Amino acid sequence: MLKVIAPLLALSSIELLVCGFQALPKTLPTNQVSRSSLLMSTSSFGAFPEEFNSNYNQDSDSESRAEFASGHSTDQYDSNDGAFPLIDGTDATEARQLRWEREAMVQSKFVSDDDVFELRQKISDLRLRLMEARENLAEEGQQRRIRELEEQLFSLNTKDAEFMYAMSLELMENAQQEGDLQTAEKYRLQAAEARLGIPQLNMHGLWCGKYGDHGFEMINITYAGETLIATKVTGDQNVPKGEVSFTVDLSPHIHSERGMLSLEPIELNDKAARQWGKKFLPRFQGQGQVAAEGFTNSKWLEGQLILVGRFFSFAWVPIGHQVFFGRPSSELTLKMLREQQEDELKRDQVSVMREAANNMMEETYWIEKEDSFEDGWE
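Residues numbered from 1 in each chain as written. Predicted model: local features only at pLDDT ≥ 70, side-chain atom pairs only at ≥ 80, totals over all residues. Heavy atoms only, no water.

Draft legend 1. Structural view of the overall build of the chain. When its secondary structure is counted, the chain shows 12 helices and 10 strands. Split into buried and exposed, the 378 residues of the chain put 42% on the buried side. Residue pairs at least 24 apart in sequence account for 60% of intrachain contacts in the chain once pairs closer than 6 positions are excluded. Of the roughly 21100 Å² that the chain leaves accessible, carbon and sulfur atoms contribute 51%. (Helix = DSSP H or I, 4+ residues; strand = E, 2+ residues; numbered from the N terminus. Buried < 20%, exposed > 50% of the residue type's maximum accessible area, 1.4 Å probe, protein only. Contact = heavy atoms within 4.5 Å. Areas by Shrake-Rupley, 256 points an atom, 1.4 Å probe, with all protein chains shown as cover.)

Draft legend 2. Layout of the pattern of salt bridges. By the definition in use, this model includes 12 salt bridges. A salt bridge links Lys109 to Glu193; its shortest N-O distance comes to 3.1 Å. Linking Lys109 in the loop between α6 (94-107) and α7 (114-135) with Glu193 in helix α10 (residues 181-195), this pair joins segments that are 84 residues apart in sequence. The class of Lys109 is partly exposed, set by a relative accessible area of 42%. When the shortest N-O distance is used, the salt bridge between Asp270 and Lys279 registers 3.2 Å. Among the charged side chains, a salt-bridge network with shared partners connects Arg120, Asp160 and Glu162. (Salt bridge = Lys/Arg side-chain N within 4 Å of Asp/Glu carboxyl O.)

Draft legend 3. Expanded view of the nonpolar core. Phe246 and Phe312 are the most contacted members of the largest nonpolar core, which totals 39 residues. It is helix α9 (residues 161-177) that provides the largest number of residues to this core, a total of nine residues. If sequence neighbours within four positions are ignored, Phe312 has contacts with Met203, Trp207, Ile219, Ile221, Phe246, Leu305, Ile306, Leu307, Val323, Phe324 and Phe325. With nine residues, the next largest nonpolar core counts Ile123, Leu149, Leu153 and Leu156 among its residues. (Core = buried A, V, L, I, M, F, W, Y, C linked by side-chain atoms within 4.5 Å.)

Draft legend 4. Fine view of the packing of aromatic side chains. Applying the stated rule across the entire model yields 11 aromatic pairs. Ring centres 4.9 Å apart and planes at 80° place the aromatic pair Trp207 and Phe312 in the edge-to-face group. Remark: Phe312 occurs in strand β9 (residues 311-316) and Trp207 occurs in strand β1 (residues 205-210); sequence separation between them is 105 residues. Exposure remark for Trp207: the relative accessible area of 5% places this residue in the buried category. Look at Phe246 and Trp316: their rings are 6.2 Å apart centre to centre, the planes differ by 85°, and that puts the pair in the edge-to-face class. In this pair, Phe246 sits in strand β4 (residues 244-249) while Trp316 sits in strand β9, placing the two residues 70 residues apart along the sequence. Given the relative accessible area of 2%, Trp316 is considered buried. Through successive ring pairs, a cluster of aromatic residues spans Trp207, Tyr211, Phe246, Phe312, Phe314, Trp316 and Phe325. For the cation-ring pair, Lys186 lies above Tyr187, with the distance from its terminal atom to the ring centre recorded as 4.6 Å. (Phe/Tyr/Trp six-rings, centres within 6.5 Å; stacked < 30°, edge-to-face > 60°. Lys NZ or Arg CZ within 6 Å of the ring centre and 35° of its normal.)

Draft legend 5. Seen up close, unusual backbone geometry. Even without being a glycine, Asp113 presents a positive backbone phi close to 55°. Within the secondary structure, Asp113 is located in the loop between α6 and α7. Since its relative accessible area comes to 48%, Asp113 is described here as partly exposed.

Draft legend 6. Inspection of the packing of α7 against helix α8 (residues 142-157) at higher detail. Direction vectors running N to C along α7 and α8 enclose 160°, while the axes themselves pass 10 Å from each other. With respect to each other, α7 and α8 are oriented roughly antiparallel. The way α7 lies across α8 gives a crossing that is left-handed. Contact residues: Leu119, Lys122, Ile123, Leu126, Arg127, Arg129, Leu130, Glu132, Ala133 and Arg134 in α7; Gln142, Arg145, Ile146, Leu149, Glu150, Gln152, Leu153, Leu156 and Asn157 in α8. (Axes fitted to C-alpha atoms, helices over the stretch in contact; angles between N-to-C directions. Parallel < 35°, antiparallel > 145°, perpendicular 65-115°, else oblique. Left-handed = near helix turned anticlockwise from the far one by under 90°.)

Draft legend 7. Layout of α7. Between its terminal C-alpha atoms α7 stretches 32 Å, which fits the 32 Å expected from 22 residues at 1.5 Å a residue. Every buried residue of α7 is listed here: Asp114, Val116, Phe117, Leu119, Arg120, Ile123, Ser124, Leu126, Arg127, Leu130 and Ala133. (Expected span 1.5 Å × (residues − 1).)

Draft legend 8. Structural context of the confidence of the model for the chain. For the chain, the mean per-residue pLDDT works out to 76, and 66% of the residues sit at or above 70. Every residue in residues 1-12 scores below 50 in pLDDT, and together they form 13 contacts with partners more than four places removed in sequence or on other chains. (pLDDT = per-residue confidence, 0-100.)

Draft legend 9. Seen up close, the environment of Asp125. By the secondary structure assignment, Asp125 is in helix α7. Taking C-alpha positions, Asp125 is 10.0 Å from Leu153, a pair spaced 28 residues apart along the chain.

Draft legend 10. Structural context of the side chain of Arg283. By secondary structure assignment, the location of Arg283 is in strand β7 (residues 283-292). Glu264 is the oppositely charged side chain nearest to the buried, salt-bridge-free Arg283, at an N-O distance of 7.0 Å. A polar atom in the side chain of Arg283 sits 2.5 Å from the backbone oxygen of Glu264. Here Gln304 takes part through its side chain, which lies 3.0 Å from a polar atom of the side chain of Arg283. (Lys, Arg positive; Asp, Glu negative; His and termini not counted. Polar contact = N/O pair within 3.5 Å; in protein donor to acceptor, adjacent residues only side chain to side chain.)

Draft legend 11. Quick look at the pairing of β4. As paired strands, strand β3 (residues 227-232) and β4 are joined by five bridges and run antiparallel to one another. Bridge pairing in β4 links Thr227 to Asp249. Relative to β7, β4 runs antiparallel, the two sharing three bridges. Of the residues in β7, the one forming a bridge with Val248 is Gly286. (Pairing = 2+ DSSP bridges.)

This is how it looks when you write it as structure tokens:
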């Protein structure tokens, strides 16, 4: 494979494909993570589904609670496009089905979940063996051994979507600087394909999470390049709808030992790992917005995005606040939007009544003032 592709790549590119990302060091237990990180118990993830499917309206009856619990349906999002989930009985369009098929084909090229960490560890071990072989080049058979190790590393690195994405972007930029637009376009398409295999870059669309005492709220995730932006679709008195709830910089760094990861992944205990079907939870540094009532004194705090299978959470680290998010069903989405609209209408009516009352009080004041002035002249 290396002999076939090598003519298409610069020497530095081949070396990148051979070296790849450095493997992550042994992950720290979560109770040993530095204070700059969120001190999180892995048991919290075991309780997550129950918390997430809990009472949407604290005053509602069990029927309403059951309706809300059934309203979270990540299974309705079977692709990376972030499109609105299909209502039961509705057929997907041909274009949407073709997009799903393409995404599935692309994703089959890359490893995912815990396999990514195992892959990078294997690459790290092979790279050490390659370095030893290069140091002992004079020994008999080392040239053949070096070629074999390079081909193994090349093959393994092409299965790492994050690495292929980062490498393709770097090669694209190099080609652009050299004025080779045809080669730059080739690497742009290669990067776009690899991006489809990176979960944190394919979270577009609506998500629902419980914002503490404010209750459940909905956000819409979009991207500006590699920056994830979560905008509130429904809001509260502190950070209203239309404002950004949090952002996460997911820029790849090909020469970084962690790839896109800016933090050590969380290592789950055995019980939680069995429940979630994975041992490691990737996490990324971000910023979360907070504000006083009325969206005053807004500021940004250190935050963390944590991938939990088909769910995720975002933590505002300094204040120890964490929100878990899941995909809402189409029915729940419409319900929450209706409720948001009703609340806005109520607030508008209260504002109108308050303004009318203030106007009447002001008018009464001036009438009394005028009467008092006239009495003084009698």
